[in-house]
Amino acid sequence: MPSEIWVIFDLGNTVIKLAYERVLQNICAESAVTRDDLVDILEDAGGYRDLERGGVTFWEFYEFLCENAGYRGSIRDFHAIWSNFFDGPLPGIEEVLDRVRERYRVAFLSNSNEVHAEEIPRVYSGLFQKDDRFIFSHRFRVAKPDPEIFRRALEVLGALPHHAVMVDDLLENVLAARGVGMRAFQFIDSQRLLAELSAEGLL
């Protein structure tokens, strides 16, 4: 194997636990819709998926929720809710990152947005090193599982597909990464990932 291999980790529910239900609850507390209605609204044009794809700004997303969900909070209130999307590192992920960094370069590829792209590296700085790379979907105007985001990530890293390994909790993203020629593993938990990487001769 070549000397420089990149191991690319998803962030949400792979490295850092997402607090999706808490965010929904906090938005609903200031809105005119139920939790299930809010989930449907977030999937509409102008909602969460477009935010991840860079199709709307955070301010436009806020206005979308005010109009479509009857959200009554201020933009400052909403920024605080949206920033509080995380519940800390997944158990054992620090060991995974340490083991991987002994042999490989590390990058993070996340479907993200302008708020979380600032929040994650700052709040969880202990998980990251200065030579790690971040690829956030909204900056490239395309999100997983679109194959284009994996190609863009490889361009950023200066890596060929067979010089990269993807780790993601969502099977559809794992399959998409494999589709562009990357080796990819579905994250279930840290110990299982270490076992799978070892079984494949990567650790």
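Residues numbered from 1 in each chain as written. Predicted model: local features only at pLDDT ≥ 70, side-chain atom pairs only at ≥ 80, totals over all residues. Heavy atoms only, no water.

A. Seen up close, the overall build of the protein chain. Secondary structure summary: the protein chain contains 11 helices and 7 strands in total. The C-alpha radius of gyration of the protein chain comes to 18 Å, within 12% of the 17 Å expected for a compact globule of 203 residues. Expressed along its principal axes, the backbone C-alpha trace of the protein chain runs to roughly 55 × 30 × 30 Å. Residues counted as buried form 50% of the 203 residues belonging to the protein chain. In the protein chain, 66% of the contacts between residues at least 6 apart in sequence involve partners at least 24 apart. (Helix = DSSP H or I, 4+ residues; strand = E, 2+ residues; numbered from the N terminus. Rg over C-alpha atoms; globule rule 2.2 N^0.38 Å. Buried < 20%, exposed > 50% of the residue type's maximum accessible area, 1.4 Å probe, protein only. Contact = heavy atoms within 4.5 Å.)

B. Up close: the layout of surface pockets. Of the voids in this model, the largest pocket is the one considered here, and its volume is about 530 Å³. Surrounding the largest pocket, 27 residues form its lining, Leu 18, Tyr 48, Arg 49, Glu 52 and Leu 170 being those nearest its centre. Of all the secondary-structure elements, those providing two or more residues to the lining of the largest pocket are α3 (48-52), α7 (114-123) and α10 (171-179). By residue number, the principal contributor to the lining of the largest pocket is α3, which donates 3 residues. Tallied by class, the residues present in the lining of the largest pocket amount to 10 nonpolar, 8 polar and 9 charged. (1 Å grid on protein atoms, 1.4 Å probe; cavity = no way out; pocket = protein on both sides within 12 Å on 5 of 7 lines; lining within 4 Å. Points joined across faces, edges and corners; volume = space filled by probe spheres on them. Nonpolar A, V, L, I, M, F, W, Y, C, P; charged D, E, K, R; others polar.)

C. Structural context of a negative patch on the surface. A cluster of like negative charges, contributed by Glu 94, Glu 95, Asp 98 and Glu 102, occupies part of the molecular surface. Relative to the elements of secondary structure, Glu 95 occurs in helix α6 (residues 93-101). (Patch = residues over 30% accessible without salt bridge, like charges linked within 9 Å, V, L, I, M, F, W, Y side chains within 5 Å. Areas by Shrake-Rupley, 256 points an atom, 1.4 Å probe, with all protein chains shown as cover. Salt bridge = Lys/Arg side-chain N within 4 Å of Asp/Glu carboxyl O. Lys, Arg positive; Asp, Glu negative; His and termini not counted. Charge placed at Lys NZ, Arg CZ, Asp CG, Glu CD.)

D. Representation of the pattern of salt bridges within the structure. Tallied over the full model, the rule gives 14 salt bridges. The partner of Lys 144 in a salt bridge is Asp 168, with the nearest N and O atoms 2.8 Å apart. Pair noted here: Lys 144 is in the loop between α8 (137-140) and α9 (147-157) and Asp 168 is in strand β6 (residues 164-168), with a separation of 24 residues, a long-range link. Exposure remark for Lys 144: the relative accessible area of 7% places this residue in the buried category. In this structure, a network of salt bridges that share partners links the residues Asp 10, Lys 144 and Asp 168.

E. Geometry of the sheet that holds strand β7 (residues 183-186). Across the sheet, 5 strands lie side by side as β5-β4-β1-β6-β7; this open sheet has parallel pairing. Edge positions in the sheet fall to β5 (133-136) and β7, since each of these pairs with one other strand and no more. Between one strand axis and the next, the sheet turns through 20° on average, direction left out of account. Bridge count between β6 and β7: 4 bridges; the pairing is parallel. Paired with Asp 168 across the two strands is Gln 186, which belongs to β7. (Pairing = 2+ DSSP bridges. Axes fitted to C-alpha atoms, helices over the stretch in contact; angles between N-to-C directions.)

F. Focus on the packing of helix α1 (residues 20-28) against helix α2 (residues 35-42). Direction vectors running N to C along α1 and α2 enclose 105°, while the axes themselves pass 10 Å from each other. In terms of orientation, α1 and α2 fall into the roughly perpendicular class. On α2, the residues that touch Tyr 20, Glu 21, Leu 24, Ile 27 and Cys 28 of α1 are Arg 35, Leu 38, Val 39 and Leu 42. For the contact of α1 with α2, the per-class residue count stands at 7 nonpolar, no polar and 2 charged. (Parallel < 35°, antiparallel > 145°, perpendicular 65-115°, else oblique.)

G. Broad picture of unusual backbone geometry. Residue Pro 145 is reached from Lys 144 by a cis peptide bond, and omega for that bond is 10°. Counting through the fold element by element, Pro 145 comes out in the loop between α8 and α9. If you check the backbone angles, Asn 13 has positive phi at about 65° while not being a glycine. Within the secondary structure layout, Asn 13 lies in the loop between β1 (6-9) and β2 (16-18). Its identity is not glycine, yet Arg 141 carries a phi of approximately 60°, on the positive side.

H. Quick peek at the nonpolar core. Among the nonpolar cores identified, the biggest contains 53 residues, and Phe 9, Ile 27, Leu 38, Phe 61, Leu 65, Phe 78 and Trp 82 are the most heavily contacted of them. For this core, the leading source of residues is helix α4 (residues 58-69), giving 6 residues. Counting residues in hydrophobic clusters, the runner-up holds 20 residues, among them Ile 8, Ala 153, Val 180 and Met 182. (Core = buried A, V, L, I, M, F, W, Y, C linked by side-chain atoms within 4.5 Å.)

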